[in-house]
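# Secondary and tertiary structure notes
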Amino acid sequence: MKFKIKKFVYLVNDVTNILLKKSREEAEDKANKLRLVFIIVSIILVLSIILNFYLYLKYV
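Here we summarise the structure given alongside this text. All values derive from a computational prediction rather than experimental measurement. (Residues numbered from 1 in each chain as written. Predicted model: local features only at pLDDT ≥ 70, side-chain atom pairs only at ≥ 80, totals over all residues. Heavy atoms only, no water.)

On to the overall build of the protein, then. Per the secondary structure count, the protein includes 1 helix and 0 strands. Across its three principal axes, the protein shows a C-alpha extent of roughly 85 × 10 × 5 Å. Relative to its 60 residues, the protein shows a buried fraction of 0%. Accessible surface computed for the protein: about 6,300 Å², of which carbon and sulfur atoms make up 72%. Of the charged side chains in the protein, 11 are positive and 5 negative, and the gap between their average positions amounts to 5 Å. (Helix = DSSP H or I, 4+ residues; strand = E, 2+ residues; numbered from the N terminus. Buried < 20%, exposed > 50% of the residue type's maximum accessible area, 1.4 Å probe, protein only. Areas by Shrake-Rupley, 256 points an atom, 1.4 Å probe, with all protein chains shown as cover. Lys, Arg positive; Asp, Glu negative; His and termini not counted. Charge placed at Lys NZ, Arg CZ, Asp CG, Glu CD.)

Here's what the structure looks like:
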């Protein structure tokens, strides 16, 4: 009886590990995409600040 319970526990543990590994990989993919978007938005913001500063100095 104990052997059957252990077998079931090990099976549940394996399935849980597979699901967690999959969700971990998805989270890493989302984090990488978010990091890329953050870098792009930061670059656009810096360019906007530089352009606004240039136009301000040009017309003042």
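A cluster of nonpolar side chains, contributed by Phe38, Ile39, Ile43, Val46, Leu47 and Ile50, occupies part of the molecular surface with about 610 Å² of accessible area. Turning to its location among the elements, Ile39 is positioned in helix α1 (residues 2-59). Residue class for Ile39 comes out partly exposed when judged on its relative accessible area of 44%. (Patch = residues over 30% accessible without salt bridge, like charges linked within 9 Å, V, L, I, M, F, W, Y side chains within 5 Å. Salt bridge = Lys/Arg side-chain N within 4 Å of Asp/Glu carboxyl O.)

Our focus in this paragraph is a negative patch on the surface. A contiguous patch of negative charge on the surface is contributed by Glu25, Glu26, Glu28 and Asp29. Mapped onto the secondary structure, Glu28 falls in helix α1. With relative accessibility at 49%, the residue Glu28 sits in the partly exposed group.

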